Amino acid sequence: MTSNGVATDAQIDTQADVQADVLIVGAGPAGLTLACTLARAGVAVRIIDKSREFHRASRGKGLNQRSRELFEDLGVGEQVAASGIEHITLRKYRDGVAIADTVTFGDRTPTPDAPYASGLIIPQWRTEEILRGRLAELGVQVELGCELTEFTQDEDGVTGVLGDGRRVRAGYLVGCDGGRSSIRKALGVGFEGKTDAEECMVIGDVRADGLDPAYWHQWFDEDAALLLCPFRGSTHWQLQGMPERDAEGRFAPPSLEGFQRLFDRCARIPGVRLSDPTWFSTYRINVRMADRFRVGRIFLAGDAAHVHSIAGGLGMNTGIQDAFNLGWKLAFVVRGLAGPALLDTYEEERLPVAAWTLDLTDERLRAVVEGVQEAGVGTEAVITDDVTTLGVGYPWSRLAAGGAKAGHRAPDAPCRLAATGKDVRLFELFAGPHFTLLGFGPDSAAALAEAAAAGGERIRTFHIDDHEGHARRAYGLEGDALVLVRPDNHVALSTGADAAGAGDVTDYLKRLG
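Computed from a predicted model, the values in this text were never measured in an experiment.

## As for the overall build of the protein chain
Phase 1 of the analysis: Of regular secondary structure, the protein chain possesses 12 helices and 24 strands.
Phase 2 of the analysis: For a compact globule of 513 residues, the expected C-alpha radius of gyration is about 24 Å, and the protein chain comes in at 24 Å, within 12% of that figure.
Phase 3 of the analysis: Taking the principal axes of its C-alpha atoms as reference, the protein chain extends roughly 75 × 65 × 35 Å.
Phase 4 of the analysis: In the protein chain, once contacts between residues fewer than 6 apart in sequence are set aside, the share between residues at least 24 apart is 71%.
Phase 5 of the analysis: Counting 54 positive and 72 negative side-chain charges, the protein chain places the averaged centre of each group 2 Å from the other.

## Regarding helix H2 (residues 65-74)
Phase 1 of the analysis: Taking burial as the measure, the 10 residues of H2 include 10 buried ones, the bulk of the element.
Phase 2 of the analysis: Along H2, the residues classified as buried are Gln65, Arg66, Ser67, Arg68, Glu69, Leu70, Phe71, Glu72, Asp73 and Leu74.
Phase 3 of the analysis: Phi for glycine 75, located one or two positions after H2, is positive at around 95°.

## So, helix H12 (residues 499-511)
Phase 1 of the analysis: For H12, with 13 residues, the first-to-last C-alpha span of 18 Å sits near the 18 Å given by 1.5 Å per residue.
Phase 2 of the analysis: Buried residues of H12: Gly501, Ala502, Gly503, Val505, Thr506, Tyr508 and Leu509, and no others.
Phase 3 of the analysis: Buried residues belonging to H12 abut strand S21 (435-440), helix H10 (445-455), strand S22 (459-465), strand S23 (481-485) and strand S24 (491-495).
Phase 4 of the analysis: The backbone nitrogen of alanine 500 lies 3.2 Å from a side-chain oxygen of the residue at the head of H12, namely aspartate 498.

## Brief notes about the packing of aromatic side chains
Phase 1 of the analysis: Applying the stated criterion across every chain yields a total of 12 aromatic pairs.
Phase 2 of the analysis: Ring centres of tryptophan 328 and phenylalanine 435 lie 5.4 Å apart, and the angle between their planes is 90°; on these two criteria the pair is classed as edge-to-face. In this pair, tryptophan 328 is assigned in helix H7 (residues 314-334) and phenylalanine 435 in strand S21, connecting sequence segments 107 residues apart. When sorted by exposure, tryptophan 328 lands in the same class as phenylalanine 435, which is buried.
Phase 3 of the analysis: Pairing tyrosine 394 with tryptophan 396 gives two aromatic rings, centres 6.1 Å apart and planes at 85°, and the pair type is edge-to-face.
Phase 4 of the analysis: Its relative accessible area of 3% is what places tyrosine 394 among the buried residues.
Phase 5 of the analysis: Among the aromatic residues, those joined into a ring-pair cluster are Tyr172, Phe293, Phe299 and Tyr346.
Phase 6 of the analysis: Positioned above the aromatic ring of tryptophan 125 is the side chain of arginine 56, whose terminal nitrogen or guanidinium carbon lies 3.5 Å from the ring centre.
Phase 7 of the analysis: The positively charged end of arginine 297 is found above the aromatic ring belonging to tyrosine 172, 4.7 Å away from the centroid.

## Quick notes on the confidence of the model for the protein chain
Phase 1 of the analysis: Residue-level pLDDT values for the protein chain average 94, and 96% of them are 70 or greater.
Phase 2 of the analysis: The model gives residues 2-14 a pLDDT under 50, and that stretch makes 28 contacts with residues more than four places away or in other chains.

## Remarks on the pattern of salt bridges
Phase 1 of the analysis: What the rule picks out here adds up to 32 salt bridges.
Phase 2 of the analysis: The closest approach of N and O atoms between glutamate 72 and arginine 425, which form a salt bridge, is 2.9 Å. Of this pair, glutamate 72 sits in helix H2 while arginine 425 is found in strand S20 (residues 423-425), placing the two residues 353 residues apart along the sequence.
Phase 3 of the analysis: We note a salt bridge from arginine 265 to aspartate 223, for which the minimum N-O separation is 3.2 Å. Of this pair, arginine 265 sits in helix H6 (residues 256-266) while aspartate 223 sits in the loop between strand S12 (215-220) and strand S13 (225-229), and the two are 42 residues apart along the sequence.
Phase 4 of the analysis: You can call arginine 265 partly exposed: its relative accessible area is 44%.
Phase 5 of the analysis: Assessed through its relative accessible area of 49%, aspartate 223 is described here as partly exposed.
Phase 6 of the analysis: Residues joined by salt bridges that share partners form a network here, namely Lys329, Glu349, Arg486 and Asp488.

## A closer look at unusual backbone geometry
Leave glycine aside and you will find that most residues have negative phi; peptide bonds, for their part, are mostly trans.
Phase 1 of the analysis: You will see that aspartate 95, though not glycine, has its phi angle at about 55°, which is positive.
Phase 2 of the analysis: Within the secondary structure, aspartate 95 sits in the loop between strand S4 (89-94) and strand S5 (97-103).
Phase 3 of the analysis: The residue lysine 405 is not glycine, and still its phi comes out positive at about 70°.
Phase 4 of the analysis: By the element assignment, lysine 405 lies in the loop between helix H8 (344-371) and strand S19 (414-417).

Definitions and cut-offs
- Residues numbered from 1 in each chain as written.
- Predicted model: local features only at pLDDT ≥ 70, side-chain atom pairs only at ≥ 80, totals over all residues.
- Heavy atoms only, no water.
- Helix = DSSP H or I, 4+ residues; strand = E, 2+ residues; numbered from the N terminus.
- Rg over C-alpha atoms; globule rule 2.2 N^0.38 Å.
- Contact = heavy atoms within 4.5 Å.
- Lys, Arg positive; Asp, Glu negative; His and termini not counted.
- Charge placed at Lys NZ, Arg CZ, Asp CG, Glu CD.
- Buried < 20%, exposed > 50% of the residue type's maximum accessible area, 1.4 Å probe, protein only.
- Expected span 1.5 Å × (residues − 1).
- Polar contact = N/O pair within 3.5 Å; in protein donor to acceptor, adjacent residues only side chain to side chain.
- Phe/Tyr/Trp six-rings, centres within 6.5 Å; stacked < 30°, edge-to-face > 60°.
- Lys NZ or Arg CZ within 6 Å of the ring centre and 35° of its normal.
- pLDDT = per-residue confidence, 0-100.
- Salt bridge = Lys/Arg side-chain N within 4 Å of Asp/Glu carboxyl O.

What follows is the structure, encoded as structure tokens:
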């Protein structure tokens with residue numbers, strides 16, 4: 001690919017065969033989430049992938065609580081819930097004997113501010129299938145067998161060349177093309193970190209007829225480990241285990257025969273034969289992060305920007321949350337609702353989160369490795385409140401303008417619309433590509449009207465009757481107040497419900513450009 005410098009006039013072809021406001025390279029969960037976010041906002045988006053067909057591998061198999069909230073906002077929350085398993089039961093074995101069951105997040109129940117007590121076990125292929133369906137509803141299809149082979153950028157956009165020779169012109173380019181990202185490499189962005197060649201695991205999708213699908217089976221012996229995770233509506237399980245070694249002591253590649261030998265060794269269930277493998281892979285712990293998430297009009301998201309241990313299942317979730325953060329900002333700039341400086345806040349907010357995630361997954365991996373030495377302990381050792389990512393926020397960001405909870409996740413709450421008495425949840429009001437202004441108290445109506453007039457299509461306003469007090473408690477409010485919530489459902493600011501507060505909101509929107 002071409003360098004990241006400004007292209008010459010000879011390199012720029014504004015009469016390209018393909019035009020778009022945003023070109024996304026890579027149709028995994030991050031790329032699809034970004035495409036849905038942009039298309040919903042009315043942005044002309046194209047999403048390409050060099051694969052010739054959609055995969056059917058389980059890969060990243062967990063959606064955490066925060067990703068579930070974002071998927072609800074995108075309109076696919078019910079679909080993923082119907083396809084996934086909540087509160088899965090982990091059955092732990094030692095020496096082939098079942099000795100303990102643990103229900104993940106079994107001590108948690110939905111609360112007014114956090115409606116999802118559990119994440120979901122769902123194969124990645126199904127997550128992607130649901131997102132592609134939503135994207136199709138929005139009028140966009142993934143373009144398969146389509147590789148970006150060259151690109152240049154200039155002051156007005158990015159010009160690329162596809163594998164079939166077509167030229168594409170877009171205002172912005174986003175690389176969601178995985179840990180081996182060709183876009184990141186072409187930009188010369190550093191990807192510092194480490195790979196642990198000795199921390200190796202085989203993984204694959206197989207049938208295991210005769211094994212009870214009510215459990216995620218986990219065998220941790222002193223000299224071997226094997227995990228078989230079921231999926232709702234599927235005959236295939238995801239198998240994870242220790243690799244075999246060949247005569248020279250090197251790790252052997254995964255195979256059905258090797259999986260069966262590991263199963264016989266750990267499970268000791270003679271009637272179960274593994275069969276019909278549809279995916280094999282070898283996983284090595286790779287901990288790396290890009291030193292920049294943006295170069296001019298080109299952005300990196302998901303694994304293209306950061307990779308880390310699978311402990312906690314945060315890889316796919318962090319990429320989804322990258323995309324949701326970047327999506328509304330690109331949409332506002334493309335639509336002329338904000339100035340280009342807004343795009344600087346993507347790296348400002350998400351790079352520190354990526355660094356935190358690398359540290360967290362390292363620490364959680366150590367906790368699991370140590371925990372499973374004790375009989376009856378399994379992968380539940382990874383679970384802490386951190387892995388829900390409900391606590392991830394951006395209080396340091398220039399977009400956090402003050403008041404209670406500024407920069408933090410905007411909680412849900414049941415409440416009523418003061419004008420109609422209709423019962424609603426705050427998440428219903430947030431859904432969509434807009435800022436949401438909540439007014440609390442009888443005197444907030446005038447301030448809401450003033451802010452609505454100044455904000456135009458960037459904002460929706462709601463006078464809230466918090467009859468049960470859940471919203472005030474969740475947002476740390478006392479007295480009449482205004483709360484401005486960003487399109488990615490983080491608090492922008494909270495202020496008084498008077499003319500001065502309306503001015504704070506108006507000034508905030510003006511500062512977007």
